[in-house]
Each structure stands twice: as C-alpha cells, then as structure tokens.
Amino acid sequence: TPTMAKKILAYALQRPAQSSEERLDIIIKAANRMNYDPIVLKQDGWTIKKTENPEGPLGGAIYIGRRVIWQKHEAVIVAYIPDETYGGLWKGVFLEDLDTFDMEPGELAQALRKFENKSRKKTTRSSTHSGSTRFAATAKFTVPGIENGIILAKPTHRASKGIMWPARVRNVVEGKLTADGKVRRNSSKNQIHVIFLAPFWNAQDADASKITNATDPYSVGPLFEYDTIEVSEHNIQEY
C-alpha cells in the first residue's frame, strides 16, 4: 500500500464524526481519493505525466489528459501503467463525481472513439438533476446495518436458487480482483462486492465420496465465495 494512501486513510479515521453514517461517509470519500490522488498513483507505480510521443505499440502515457466516454459519461485519463496481462492499463476519472476506473487497450480505443464521435456530432447531454446522474435509481438506496458489514444478499450462483444468504460486504479499499489475482480498481455504483459465508450451494459441487462420509454434507464445500451483486431491494436486504 502506498505511503500516501495510508496517510489519507489515517487522517480520515482521526477526523471527528457525529454519527456512524458520517464516519462511513468520511472513510468512503478518503478511499475514493486514494484512487485518483496523484501522489498515491505515482507511489503505486502509475505514470501521471503525459508524454509528447507514443511509448511502444500501445501509446502509453501519451493518452494522459485525453477525454473519453465510459459507461455513457465523460471522463479524463489521468494515469498509465504497463501491465503484463493486458500490455497496459489507463486510469480514468469521471468528471461528474471523480469516481475512477481502469481501461484495457481495447476499452481505451473504444472510449476514445466514442468521445470523438460525440464531439464530431456536437451533441450535448443535459440533465435537470444536480450532481452525478449515473445510477440515479440506486444512488440513495441503502440497507439498515450495512455499515456493520453483514447483509443478506441474493447469490448469482444458479445452485443457490435465489435464496437470500448472509454475506460480508467487501470494503471499498479492497478493490476487485482480476483472474490473475491483481487488484483492478474499477468503481461501479450499481454493484457491490460481497463474500458469502459458508454458502450451502457449494456442497453440491463437492466430491460425492466426501459428501457420503460427511456428518454434515454442507460442511465439505468452500467456506467462502466471492460475488458481485447488483444493488437493488430484490438482491440486498437487512441481516
């Protein structure tokens, strides 16, 4: 963890708060800042200075400062980092609310093309709402007790048959793991990352001989399962 990220989080934890809701809001804002703070990015290995010439076949840091369209909203590229899996990753920041996301080379090309098409057509997007308009339907959605970390959630695994099950909400600073175990800090306000506790449906995938010899057939499966849930009253409830 970058040194500056630790300082930002430590400062947030020391700030006075009148309630648990205010405390959670302070921590979330600090965690979001760590995703775009230039010192944090530089300490984490990202390049934050735009180059005058392309670097390698993908262009590298030459795209820093360019506008893009991502998830139908305007953003700007603020950093670049080489990546063994994708060749390179570019970090973007939404202009509306400073949320961040990472783009692979193909995603970058598509996002640049969308912004160029929008500029060419000279169209503007207007809204009667103030602040961010992304995911407006779920922006104010909340579940009592979620600040304590445990909720009831509906798994995406088919074997669960849609049964609500206890899950731990993953902290925003934990990020999202890619297939190769790296953290990809994409932010999506209409999704929540959770860890299901002792999921019963995993026992159905266990070895048949183990189930036969087990006292409790549900004890032979994995104790945890990672999942990403769409935020809605149908998928998330109070525990």
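Residues numbered from 1 in each chain as written. Predicted model: local features only at pLDDT ≥ 70, side-chain atom pairs only at ≥ 80, totals over all residues. Heavy atoms only, no water.

## Comments concerning the sheet that holds strand β3 (residues 87-94)
Now for step 1: Sheet architecture is open: 4 strands sit in the order β1-β2-β3-β4, paired in antiparallel fashion. Two strands close off the open sheet at either side, each with one partner strand: β1 (67-70) and β4 (100-103). Strand-to-strand twist in this sheet, taken as the mean axis angle between neighbours without regard to direction, amounts to 45 degrees.
Now for step 2: Where strand β2 (residues 73-83) lies against β3, 8 bridges are found, and the strand directions are antiparallel. (Pairing = 2+ DSSP bridges. Helix = DSSP H or I, 4+ residues; strand = E, 2+ residues; numbered from the N terminus. Axes fitted to C-alpha atoms, helices over the stretch in contact; angles between N-to-C directions.)

## Quick notes on the packing of aromatic side chains
We describe a pair of aromatic rings using the distance from one ring centre to the other and the angle between the two ring planes.
Now for step 1: Per the counting criterion, the structure on display carries 5 aromatic pairs.
Now for step 2: With centroids separated by 6.2 Å and ring planes inclined at 80 degrees, the aromatic side chains of Tyr 63 and Trp 90 adopt a geometry described as edge-to-face. Pair noted here: Tyr 63 is in the loop between α3 (38-43) and β1 and Trp 90 is in strand β3, with a separation of 27 residues, a long-range link.
Now for step 3: Of the residues examined, Tyr 63 reaches a relative accessible area of 22% and is grouped as partly exposed.
Now for step 4: Residue Trp 90 is classed as buried on the basis of its relative accessible area of 0%.
Now for step 5: Both rings, one in Tyr 80 and one in Trp 90, keep their centres 5.1 Å apart while their planes meet at 40 degrees; by these two values the pair is tilted. Separated by 10 residues along the polypeptide, Tyr 80 in strand β2 and Trp 90 in strand β3 bring together distant segments of the chain.
Now for step 6: Given the relative accessible area of 8%, Tyr 80 is considered buried.
Now for step 7: Linked through ring pairs, Tyr 63, Tyr 80 and Trp 90 together constitute an aromatic cluster. (Phe/Tyr/Trp six-rings, centres within 6.5 Å; stacked < 30°, edge-to-face > 60°. Buried < 20%, exposed > 50% of the residue type's maximum accessible area, 1.4 Å probe, protein only.)

## What to know about the sheet that holds strand β10 (residues 224-230)
Sheet strands pair via backbone hydrogen bonds, and the direction of the pair is either parallel or antiparallel.
Now for step 1: Read from one edge of the open sheet, 5 strands run β10-β9-β6-β5-β11, paired in antiparallel fashion. Two strands bound the open sheet, and with one partner strand each, they are β10 and β11 (236-237).
Now for step 2: Inspection of the sheet shows strand β9 (residues 191-197) paired to β10 by 7 bridges, in the antiparallel sense. Residue pairing in the sheet places Ile 195 in a bridge with Tyr 226 of β10.

## Examining the environment of Val 194
Now for step 1: With respect to the helices, strands and loops of the structure, Val 194 is situated in strand β9.
Now for step 2: Residue classification places Val 194 among the buried residues on the basis of a relative accessible area of 0%.
Now for step 3: For the pair Val 194 and Arg 168, spaced 26 residues apart in sequence, the C-alpha to C-alpha distance is 5.4 Å.
Now for step 4: Those residues within four positions of Val 194 in sequence are excluded, and the remaining contacts are Ile 151, Ala 167, Arg 168, Val 169, Arg 170, Glu 225, Tyr 226, Asp 227 and Ile 229. (Contact = heavy atoms within 4.5 Å.)

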